[in-house]
Amino acid sequence: MEENNIASAGNFIEKIIDEDIKNNINNGRIVTRFPPEPNGYLHIGHAKSICLNFGLAEKYNGTCHLRFDDTNPAKEEMEYIRSIKEDIKWLGFDWKKHEYYASDYFDKLYEIAVKLIKEGKAYVDSLGPEEIREYRGTLTSPGKNSPDRDRSVEENLDLFEKMKNGEFEDGKYLLRAKIDMSSPNLNMRDPALYRIKRMSHHRTGDNWCIYPMYDFTHPLSDAFEEITHSVCTLEFEDHRPLYNWSVDESGVPSKPRQIEFARLNLNYTIMSKRKLLTLVEKGYVSGWDDPRMPTISGIRRRGYTPESLRDFASRIGVAKSNSTVDFALLEHCLREDLNVKAKRVMAVLDPLKVIITNYPEGKTEMLEADNNPEDESMGKREIPFSRKIYIEKDDFMENPPKKYFRLSPGKEIRLKHAYYVTCTDVIKDPDTEEIIEVHCTYDPESRGGWTEDGRKVRGTSHWVSAAHAFEADVRLYSHLFTSENPEEATGNFLDDIAQDSLEVLKGCKLEPSLLKAVPGESFQFLRKGYFCADSVYSNPGAPVFNRTVSMRDTWAKLQKAAAKKM
RNA sequence: UGGGGCGUCGGCAAGUGGUCAAGCCACCGGUUUUUGGUGCCGGUAUCGUAGGUUCGAAUCCUACCGCCCCAGCCA
């Protein structure tokens, strides 16, 4: 079974792992980890990393840890931990018992720092932030040694302990690695290992007033957990020598290997926690879970499925070149998933009244409708039909252009699952000339939407019975930004915010079965798109719908192209 | 100007010296269709540039060019 897919190559990380397994590194054991800092909500970019790390573990029969990189209490909160766990689970991954926190390692980390001091590999520095910067040198010129660099081991030990015991104010001292102030890699110019920061930590409370830095904590956490492949994003490439330094000098036997890949960029949106936070704080969106947000919680509320996201992650691949993926690919994955899963229903978003003049007044009949033509097992349902119905306003045109095969005077169309109708009359408001009603006759022989004479009826419209439909709000969304690469033009992404990314439609007419829609449940509103009941605005018996994504619309595309030519 | 990376179709991305340079999305045709949806069929690149090595190079060498990252006591 495994042998027949030699041709299916796999990404460059899998090649590295294959090679490691071949060379019997770590006895073939594979352990990865997803290490978020709990300082915000997860977004689609994180989903790529989650799918990658958990996916590697699955593929190689290994394990994937969830580890919170919580070494900076200034930005971290319990709420973020809760949401991160929720989002990973929703995506369909399970870290089982492997839930870890960098803060759980604070004691061990401290001990290793002491060991480094004893070995003369770390020192306590009294230089201030500005001085540190000056001493560091620049990209093109080497740095110079701090006057404290040769402080005695005893003094360093004493000072570090006092740092820990809270005897100094914040920022007074810094524990630094003693590496090389003239290294061409700035990360190696005696990087900070510990800073003094009096701040309550969400898990360790006030136990500590010194906190370890990322470059010290992360590699060692990986080593403690015996991670074999530590996958991170490209900007950490420069940190790899320091990562290895930390692991090697710590004396921990485990030797995790850091591998870097390109983070995900998507056009028409942003993928930076800082910028997303700005959108929330400045009120451009209703929250982290606003359906327009690229956060996992946002797109979940919007109606995206975990399967579509995982499919997306596998299709975009994993490589090292900075790239921007077309949002249309995500939408494609979504539609493909929803197409086979979503129940078809009829909803008229912009209603136009139609009277079927030869249909008996007061009569109601139930018509049978497929729930999903892609999947017969989803069964059928009954929908009510009567003399007065609604169709979509743009499914009627008094003076239609060529190739318009919806309703127009004298033309016959099919009402989905119902009858053929022919337009006989157009009623207008005498003052405004606005079309307020259309009259049709129906062919009783066409019940169900076809006739025995085999006559071709090209257009098919969805509809709802006026007496049986209920009204609801439907919320339409489009890209939050007007440009593919927000910020590119002016340097400020806020300049590219779309003014009309949310459109709330009131009084839409929905078929009765939708009254029972459960928050989060997805439907295909026939010919209009995929929609789901909103989890925040819906009330029992009064659902509010989000448009998850529209249908592909070849006709609209043709119209747009034609308009452009004129 | 130092260091680390990356450059293959409009967007992703395979390809690691040898049949027509995979596949997906997008786009354009056609076809099917009780969703102008879905499905199906077909179309679209000589590989950043310039040299070189070789019978043969996207794949090796050289030199250029372009883009990204690094000077937090953030991660």
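Our subject is the structure listed above.
Residues numbered from 1 in each chain as written. Chains lettered and ligands numbered in written order. Predicted model: local features only at pLDDT ≥ 70, side-chain atom pairs only at ≥ 80, totals over all residues. Heavy atoms only, no water.

Q: With reference to specific residues and values, describe the overall build of chain A.
A: Scanning chain A from N- to C-terminus turns up 13 helices and 27 strands. Based on the C-alpha atoms only, the size of chain A along its principal axes is roughly 100 × 60 × 50 Å. Looking at chain A residue by residue over its 566 residues, the buried ones come to 51%. By sequence separation, contacts in chain A at least 24 residues apart represent 70% of the contacts at least 6 residues apart. Of the roughly 27100 Å² of accessible surface on chain A, 48% is carried by carbon and sulfur atoms. Side-chain charges of chain A comprise 81 positive and 93 negative groups, with the mean position of each set lying 2 Å from the other. (Helix = DSSP H or I, 4+ residues; strand = E, 2+ residues; numbered from the N terminus. Buried < 20%, exposed > 50% of the residue type's maximum accessible area, 1.4 Å probe, protein only. Contact = heavy atoms within 4.5 Å. Areas by Shrake-Rupley, 256 points an atom, 1.4 Å probe, with all protein chains shown as cover. Lys, Arg positive; Asp, Glu negative; His and termini not counted. Charge placed at Lys NZ, Arg CZ, Asp CG, Glu CD.)

Q: Any details on the layout of surface pockets? Residues and values, ideally.
A: There is about 1400 Å³ of room inside the largest pocket. Lining the largest pocket are 34 residues, and of these Arg527, Met551, Arg552, Asp553 and Ala556 sit closest to its centre. Looking at the lining of the largest pocket residue by residue, the class counts come to 12 nonpolar, 7 polar and 15 charged. In this structure, the lining of the largest pocket is formed jointly by two domains, domain 2 (347-469) and domain 3 (475-566), each of which donates at least three residues. Taken as a whole, the second largest pocket encloses approximately 1000 Å³ of empty space. Forming the boundary of the second largest pocket are 36 residues, of which Glu37, His46, Phe236, Arg263 and Lys273 lie nearest the centre. Where the lining of the second largest pocket is concerned, the elements lending two or more residues are strand 1 (31-34), helix 2 (44-59), helix 7 (214-224), strand 8 (229-233), strand 10 (264-266) and helix 9 (273-281). By residue class, the composition of the lining of the second largest pocket is 14 nonpolar, 11 polar and 11 charged. (1 Å grid on protein atoms, 1.4 Å probe; cavity = no way out; pocket = protein on both sides within 12 Å on 5 of 7 lines; lining within 4 Å. Points joined across faces, edges and corners; volume = space filled by probe spheres on them. Nonpolar A, V, L, I, M, F, W, Y, C, P; charged D, E, K, R; others polar. Domains from an automatic or database assignment.)

Q: How would you summarise the protein's contact with RNA strand B if you had to cite specific residues and measurements?
A: Around RNA strand B there are 67 residues in total, and Thr71, Phe405, Arg406, Lys416 and Gly448 lie nearest to it. Within 4 Å of the protein, the atoms of RNA strand B are drawn from sugar and phosphate moieties in a proportion of 65%. Leu127 places a main-chain nitrogen or oxygen 3.0 Å from a base nitrogen of RNA strand B. Here a sugar or linking oxygen of RNA strand B and a backbone polar atom of Ile316 are 3.0 Å apart. At the level of elements, helix 5 (129-136), strand 6 (192-196), helix 11 (306-316), strand 11 (323-325), helix 12 (327-341) and helix 13 (554-565) are the ones that each hand at least two residues to the surface near RNA strand B. (Near = heavy atom within 4 Å. Polar contact = N/O pair within 3.5 Å; in protein donor to acceptor, adjacent residues only side chain to side chain.)

Q: Could you give an account of the packing of helix 4 (residues 106-118) against helix 8 (residues 240-250), with specific residues and numbers?
A: Between two packed helices, what matters for the description is the angle formed by their axes and the separation of those axes. Packing of helix 4 against helix 8 brings their axes to within 10 Å, and their N-to-C directions diverge by 85 degrees. With respect to their mutual orientation, helix 4 and helix 8 come out roughly perpendicular. Contact residues: Ile112, Lys115 and Leu116 in helix 4; Trp245, Glu249 and Ser250 in helix 8. Tallied by class, the residues present in the contact of helix 4 with helix 8 amount to 3 nonpolar, 1 polar and 2 charged. (Axes fitted to C-alpha atoms, helices over the stretch in contact; angles between N-to-C directions. Parallel < 35°, antiparallel > 145°, perpendicular 65-115°, else oblique.)

Q: Lay out the pattern of salt bridges in plain terms, naming residues and giving numbers.
A: Tallied over the full model, the rule gives 48 salt bridges. Across the pair Glu99 and Lys85 runs a salt bridge, and its minimum N-O distance is 2.9 Å. Note that Glu99 is positioned in strand 3 (residues 99-101) and Lys85 in helix 3 (residues 78-91), a separation of 14 residues in sequence. For Glu307, the salt bridge goes to Lys341, with nearest N and O atoms at 3.1 Å. With Glu307 in helix 11 and Lys341 in helix 12, this residue pair connects regions lying 34 residues apart in the sequence. With relative accessibility at 35%, the residue Glu307 sits in the partly exposed group. According to the relative accessible area criterion, Lys341 is partly exposed, its value standing at 38%. Where salt bridges share partners, they join Glu79, Arg82, Glu86, Asp87 and Arg300 into one cluster. (Salt bridge = Lys/Arg side-chain N within 4 Å of Asp/Glu carboxyl O.)

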